[in-house]
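Descriptive structure summary
Single-letter residue listing:
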Amino acid sequence: MKSNSSELQRKIMAVTAVIAGLMMIYVFPEQAMRTLKIALENVMERLIPYDPDFYTAVPILSTTYGIWMVLLALCGALSICIAPAIWQGKEWARATAMGMMAVAAVAGMTMLIPWMVLVVADYSQGPVAGILPPPEGLSMLPPVFWTLVFGLAFYYVFLFADKETAKQKFIRFIPYTFLGIVAGMVFMNAQHGVRYFIFYSRISDNESTKSINTAG
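Described below are features of the structure shown in this document. (Residues numbered from 1 in each chain as written. Predicted model: local features only at pLDDT ≥ 70, side-chain atom pairs only at ≥ 80, totals over all residues. Heavy atoms only, no water.)

Digging into the overall build of the chain
Secondary structure summary: the chain contains six helices and zero strands in total. Taken from N to C terminus, the helices and strands of the chain fall in the order α-α-α-α-α-α. Taking all 216 residues of the chain together, the buried fraction comes to 41%. In the chain, once contacts between residues fewer than 6 apart in sequence are set aside, the share between residues at least 24 apart is 79%. For the chain, the accessible area works out to roughly 11800 Å², and carbon and sulfur atoms hold 70% of it. (Helix = DSSP H or I, 4+ residues; strand = E, 2+ residues; numbered from the N terminus. Buried < 20%, exposed > 50% of the residue type's maximum accessible area, 1.4 Å probe, protein only. Contact = heavy atoms within 4.5 Å. Areas by Shrake-Rupley, 256 points an atom, 1.4 Å probe, with all protein chains shown as cover.)

Some words on the packing of helix α2 (residues 57-81) against helix α4 (residues 91-118)
It is the contact of α2 with α4, at a shortest axis distance of 10 Å, that shows an interaxial angle of 160°. It follows from the interaxial angle that α2 and α4 lie roughly antiparallel. The two elements α2 and α4 meet at a crossing, and its hand is left-handed. Between α2 and α4, the residues in contact are Ala57, Leu61, Tyr65, Trp68, Leu72, Cys75, Leu78 and Ser79 and Thr96, Met100, Met101, Val103, Ala104, Val106, Ala107, Thr110, Met111, Pro114 and Leu118, respectively. Of the residues that constitute the contact of α2 with α4, the class distribution is 16 nonpolar, three polar and no charged. (Axes fitted to C-alpha atoms, helices over the stretch in contact; angles between N-to-C directions. Parallel < 35°, antiparallel > 145°, perpendicular 65-115°, else oblique. Left-handed = near helix turned anticlockwise from the far one by under 90°. Nonpolar A, V, L, I, M, F, W, Y, C, P; charged D, E, K, R; others polar.)

Observations concerning the environment of lysine 163
Relative to the elements of secondary structure, lysine 163 occurs in the loop between α5 (145-160) and α6 (166-215). Measuring from C-alpha to C-alpha, the distance between lysine 163 and glutamine 9 comes to 9.1 Å, with 154 residues separating the pair along the chain. Contacts of lysine 163, omitting those with residues within four sequence positions, involve Asn4, Ser5, Ser6 and Gln9.

Structural notes on the pattern of salt bridges
Applying the stated criterion to the full structure yields six salt bridges. A salt bridge links arginine 34 to glutamate 30; the nearest nitrogen and oxygen atoms lie 2.7 Å apart. Here arginine 34 and its partner glutamate 30 are both found in helix α1 (residues 7-47), four residues apart, which amounts to about one turn of the helix. Glutamate 30 sits in the partly exposed class, given a relative accessible area of 37%. Note that glutamate 41 is salt-bridged to lysine 37, the shortest N-O span being 2.6 Å. With glutamate 41 and lysine 37 both in helix α1, this residue pair falls four residues apart, about one helical turn. A residue is classified by how much of its surface remains accessible, and glutamate 41, at 32% relative accessible area, is partly exposed. Several salt bridges converge on common partners, so that one network encompasses Glu91, Arg94, Asp162 and Arg172. (Salt bridge = Lys/Arg side-chain N within 4 Å of Asp/Glu carboxyl O.)

A short note on the nonpolar core
Membership of the largest hydrophobic core comes to 51 residues, with the highest contact counts inside it found for Met24, Leu61, Ile86, Met101, Met111 and Phe158. Taken together, the elements giving at least two residues each to this core come down to α1, α2, α3 (83-87), α4 and α5. Non-local contacts of phenylalanine 158, meaning those with residues more than four positions away in its chain, are made with Met13, Thr16, Ala17, Ile86, Arg94, Ala97, Met98 and Met101. (Core = buried A, V, L, I, M, F, W, Y, C linked by side-chain atoms within 4.5 Å.)

What about the packing of aromatic side chains?
Per the counting criterion, the structure on display carries eight aromatic pairs. Judged by centre distance (6.5 Å) and plane angle (50°), the rings of tryptophan 146 and phenylalanine 150 are tilted. One end of the pair, tryptophan 146, and the other, phenylalanine 150, are both in helix α5, four residues apart, so they sit about a helical turn from each other. Grouping aromatic residues by their ring pairs yields a cluster made of Tyr155, Tyr156, Phe160, Phe170 and Phe173. (Phe/Tyr/Trp six-rings, centres within 6.5 Å; stacked < 30°, edge-to-face > 60°.)

Quick look at a nonpolar patch on the surface
Taken together, the side chains of Phe170, Ile171, Phe173, Ile174, Phe178, Ile181 and Met185 make up a nonpolar region of the molecular surface, amounting to roughly 640 Å² of accessible area. Structurally, isoleucine 181 is set in helix α6. (Patch = residues over 30% accessible without salt bridge, like charges linked within 9 Å, V, L, I, M, F, W, Y side chains within 5 Å.)

Focus: the side chain of serine 5
Along the chain, serine 5 turns up in the segment before α1. Note on serine 5: relative accessible area 3%, which makes it buried. A polar atom in the side chain of serine 5 sits 2.5 Å from the backbone oxygen of alanine 161. With near-sequence residues (within four places) excluded, serine 5 lies in contact with Arg10, Met13, Glu91, Arg94, Ala161, Asp162 and Lys163. (Polar contact = N/O pair within 3.5 Å; in protein donor to acceptor, adjacent residues only side chain to side chain.)

Quick look at α2
Taking 1.5 Å per residue as the helical rise, α2 with its 25 residues ought to reach 36 Å, and the 36 Å between its terminal C-alpha atoms agrees with that figure. Within α2 the residues assigned to the buried category are Ala57, Val58, Ile60, Leu61, Thr64, Tyr65, Trp68, Met69, Leu72, Cys75, Gly76 and Ser79. (Expected span 1.5 Å × (residues − 1).)

Here it is as structure tokens:
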């Protein structure tokens, strides 16, 4: 497919692919790990001792964050590998790289929301007694927030690096941005769905055990 980008735009995209790839391999997974560590500490030390219902967040966060970290590293490696093809003006390479950047942006959004729910949310005034408020001095934004910011920035570089008019680029901006928002929310809804499935499964198992013990 013929490239619709100038030589300068292709060079910018190629350099961006390398920089983004290195960040997805070395920086973004580290941000995700720090976010996961703080989130699990808050869940296990501040929430679970007083409300065991929060336990389901532990296996789910550990699994999903681990998957995102692996995906980020793989996408980063692929982004670096296709940088020469982007330089040469291959449209398939540009589209592939844009998809890799979208993975980073969606990963950042998906990993940011649990921070708001489990770390900075204050449940101390809720119906369950004993839950402590969030630690003082804790940042409202997690380390993984920068994965979202840089992922979006890289994504827009590939989205707009062509010879289309400003009007056409603005029209393109709306659906391509909201596609990412929808994708992030779909992942979050699925994550919460699994959490509640595990929660109600535990309730069902406990009720079955009580029934067996009563019958015995």
